[in-house]
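Architecture and fold: a report
What follows is each chain in one-letter form.
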Amino acid sequence: MEEVAISIQNVTKRFKSIVAVNDLSIDIPKGEFIGLLGPNGAGKTTLIEMIEGIQKPDSGQISIMGKNWQKHEKFLRGKIGLALQETRFTDKLTVFETLKLFGSFHSLKSGNIKEILELVQLDKKQNDYVVNLSGGQRQKLALGIAIINKPEVLLLDEPTTGLDPSSRRDIWKILKELHNNKTTIILTTHYMEEAEYLCQKIIVLYSGKILAMGSLQELLSHSGEGEVVSFRTNQNTNPQTLIQQYPIQEYIWNEEKQEGRFKIKDISKYLSEFLDTLQKNDMELIELDIRKTTLDDLFLSMTGRGLIDESDLPTH
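So, a few notes on the structure that sits alongside this text. (Residues numbered from 1 in each chain as written. Predicted model: local features only at pLDDT ≥ 70, side-chain atom pairs only at ≥ 80, totals over all residues. Heavy atoms only, no water.)

Let us now look at the overall build of the chain. If you tally the helices and strands in the chain, you get ten helices and 13 strands. If you line up the chain on its principal axes, its C-alpha atoms span 75 × 45 × 40 Å. Counting the 316 residues in the chain, one finds 45% classified as buried. A fraction of 68% describes how many contacts in the chain between residues 6 or more apart in sequence connect residues 24 or more apart. Just so you have it, the chain exposes about 16400 Å², and 46% of that area is on carbon and sulfur atoms. In the chain, which carries 38 positive and 44 negative side-chain charges, the distance between the mean positions of the two groups comes to 9 Å. (Helix = DSSP H or I, 4+ residues; strand = E, 2+ residues; numbered from the N terminus. Buried < 20%, exposed > 50% of the residue type's maximum accessible area, 1.4 Å probe, protein only. Contact = heavy atoms within 4.5 Å. Areas by Shrake-Rupley, 256 points an atom, 1.4 Å probe, with all protein chains shown as cover. Lys, Arg positive; Asp, Glu negative; His and termini not counted. Charge placed at Lys NZ, Arg CZ, Asp CG, Glu CD.)

In structure tokens:
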């Protein structure tokens, strides 16, 4: 039987009229890398804040390594590391001095700080002032602080938001190495490729509830394996009746944009015929995009909206 690192049982959290987390239950095994995926307003940050003891559930129970925050706060502070979307530092301290300051809270020696600097790829920046660091370097420093106590549980709330692709990949490499050391990691993100690359198990949250959960392959198998075909023509006539003989799933047509989208098991069997059919009916193909199904397709099929285009929702 797997040892449980974090147990969340029937947890609910409200902010006035908003139910941020809605009767949520899950057990997270020790050493697992979990991705919490969902748009703004899904409940990701609120759930993380309750696990890390910043917020209290309105109802339900959370335990970490069999302990709760009410009775075992000092113990848990020594076992948990966390990195937020944005961390404020003292600009006039160097990178080394910043880590030394936080390390002093855990009686960490200078030799251990050098080990942290190497792990987060800041050893060559240790004498630079924090004010001169790039966004990616600041996030590496925040990650260094999060792991300075060698936590058994690491909580990361969208640590790569706003970073350029190169910096994001650097953070991914660091997280991969941490997970290889059997650290239990929970990562909130709205980047599909981040969850796909890093996480053993992905939990898709929406409106405070678990929409789907499993490995990437398990989730995608639920949404139907195959390809997504998107196309745009020079006419606003819906070509669905012309291609209804194909085994198409989830067909969508936007008359205003003259765009179509459908899922199909193997488009290679039907592509030539599809193109010929459009041509025979005087429908000029302006754009065509074919790709494998993704988590965003799963989310779209479940909710009718994409993962990222959710700026109008609250951020709890």
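Turning our attention to empty space enclosed by the protein. Per the counting criterion, the structure on display carries two cavities of 30 Å³ or more. Empty space within the largest cavity amounts to approximately 50 Å³. Looking at the largest cavity, the residues that line it are I8, L24, I26, I28, L36, L47, I51, I186, I203 and I210. Of all the secondary structure elements, the ones that give two or more residues to the lining of the largest cavity are β2 (18–29) and α1 (44–51). With three residues, the single largest contributor to the lining of the largest cavity is β2. A class-by-class count of the residues in the lining of the largest cavity yields ten nonpolar, no polar and no charged. Size it by volume and the second largest cavity reaches roughly 40 Å³. In terms of lining, the second largest cavity is formed by E3, V4, A5, K30, M65, E152, V153 and T184. The residue inventory of the lining of the second largest cavity, partitioned by class, reads four nonpolar, one polar and three charged. (1 Å grid on protein atoms, 1.4 Å probe; cavity = no way out; pocket = protein on both sides within 12 Å on 5 of 7 lines; lining within 4 Å. Points joined across faces, edges and corners; volume = space filled by probe spheres on them. Nonpolar A, V, L, I, M, F, W, Y, C, P; charged D, E, K, R; others polar.)

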